[in-house]
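In case you want the letters, here they are:
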Amino acid sequence: EGLRDGAVEVVPIARALLRNQATPASQKQFALLALAKYRFPEDDLLVQQCFDDASPIDTYFSGGVVIKSQLRDIALATLIVRAGKDPPDFGFKYLRRDDRVPFSPSTLGFKDDDERRAAFEKWLSRATRRDDGLKP
């Protein structure tokens with residue numbers, strides 16, 4: 001519950017959870033979202049290590065569309081927020097705010113792999129341009 005509150009004191013806990021390979025994706029999702037609030041550069045690598053983790057987080061039904069969120073989707077949204085950008089600008093069109101964390105993890109997903117791939121490609125193409133200060 002403390003990770004959901006987002007106080008700076010949770011940052012070391014979030015880091016420890018992300019460093020531990022045994023931490024389930026269900027806990028890592030909240031660790032990522034806790035780090036979304038802060039911009040400590042040393043956490044970028046911890047977030048990026050989840051880019052290849054397709055562990056399912058949730059399935060969400062919105063407007064007749066089934067959205068499936070994976071841990072890598074939450075990692076991507078976290079990096080986008082940490083860069084001062086807005087996730088919907090990168091393809092997170094089903095995103096909903098949450099009272100406890102920046103966004104509802106269930107809504108940080110995509111209807112299919114094509115949408116997911118496009119979001120990652122857009123981030124990577126923006127992030128590799130050094131002129132806007134983003135890092136991949």
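Residues numbered from 1 in each chain as written. Predicted model: local features only at pLDDT ≥ 70, side-chain atom pairs only at ≥ 80, totals over all residues. Heavy atoms only, no water.

A. Summary view of the confidence of the model for the chain. Chain-level statistics for the chain give a pLDDT mean of 86 and a share of 88% at 70 or above. Under a pLDDT of 50 for its full length, residues 132-136 has, in the predicted model, 19 contacts with residues more than four places off or in other chains. (pLDDT = per-residue confidence, 0-100. Contact = heavy atoms within 4.5 Å.)

B. The environment of alanine 7, seen in detail. Tracing the chain through its elements places alanine 7 in the loop between α1 (2-5) and α2 (11-19). Under the relative-accessibility criterion, alanine 7 is labelled partly exposed at 32%. For alanine 7 and lysine 37, which are 30 residues apart along the polypeptide, the C-alpha to C-alpha distance reads 9.0 Å. (Helix = DSSP H or I, 4+ residues; strand = E, 2+ residues; numbered from the N terminus. Buried < 20%, exposed > 50% of the residue type's maximum accessible area, 1.4 Å probe, protein only.)

C. Representation of the nonpolar core. Leu18, Leu32, Phe51, Leu76, Phe92, Leu108 and Trp123 are the most contacted members of the largest nonpolar core, which has 36 residues in total. Secondary-structure elements contributing two or more residues to this core are α2, α3 (25-36), α4 (44-48), α5 (71-82) and α6 (113-127). When residues in this core are grouped by element, the largest group, 8 residues, is from α5. (Core = buried A, V, L, I, M, F, W, Y, C linked by side-chain atoms within 4.5 Å.)

D. Examining the pattern of salt bridges more closely. Tallied over the entire structure, the rule returns 7 salt bridges. Ionic pairing is found between glutamate 115 and lysine 93, a salt bridge with its closest N-O pair at 3.2 Å. Placement of glutamate 115 in helix α6 and of lysine 93 in the loop between α5 and α6 is noted, with a sequence separation of 22 residues between them. Glutamate 115 gets classed as buried once you look at its relative accessible area, which sits at 13%. (Salt bridge = Lys/Arg side-chain N within 4 Å of Asp/Glu carboxyl O.)

E. Main features of the packing of α2 against α3. In the contact formed by α2 and α3, the axes pass within 9 Å of each other and the chain directions differ by 135°. It follows from the interaxial angle that α2 and α3 lie oblique. Regarding α2 and α3, the two cross each other, and that crossing is left-handed. Residues Val11, Ala14, Leu17 and Leu18 of α2 pack against Gln27, Lys28, Ala31, Leu32, Ala34 and Leu35 of α3. Residues that form the contact of α2 with α3 fall into these classes: 8 nonpolar, 1 polar and 1 charged. (Axes fitted to C-alpha atoms, helices over the stretch in contact; angles between N-to-C directions. Parallel < 35°, antiparallel > 145°, perpendicular 65-115°, else oblique. Left-handed = near helix turned anticlockwise from the far one by under 90°. Nonpolar A, V, L, I, M, F, W, Y, C, P; charged D, E, K, R; others polar.)

F. Spatial organisation of the packing of aromatic side chains. For the structure shown, the criterion picks out 4 aromatic pairs. Ring plane angle 80° and centroid distance 5.2 Å describe the contact between phenylalanine 51 and phenylalanine 120, whose orientation is recorded as edge-to-face. Here phenylalanine 120 lies in helix α6 and phenylalanine 51 lies in the loop between α4 and β1 (56-62), a separation of 69 residues in the sequence. Judged by centre distance (5.8 Å) and plane angle (65°), the rings of phenylalanine 90 and tryptophan 123 are edge-to-face. Of the two residues, phenylalanine 90 is situated in the loop between α5 and α6 and tryptophan 123 in helix α6; the sequence distance between them amounts to 33 residues. Of the two residues, phenylalanine 90 and tryptophan 123, neither departs from the other in class, the shared state being buried. Directly above the aromatic system of phenylalanine 90 lies the positively charged group of lysine 122, at a separation of 5.7 Å from the ring centroid. (Phe/Tyr/Trp six-rings, centres within 6.5 Å; stacked < 30°, edge-to-face > 60°. Lys NZ or Arg CZ within 6 Å of the ring centre and 35° of its normal.)

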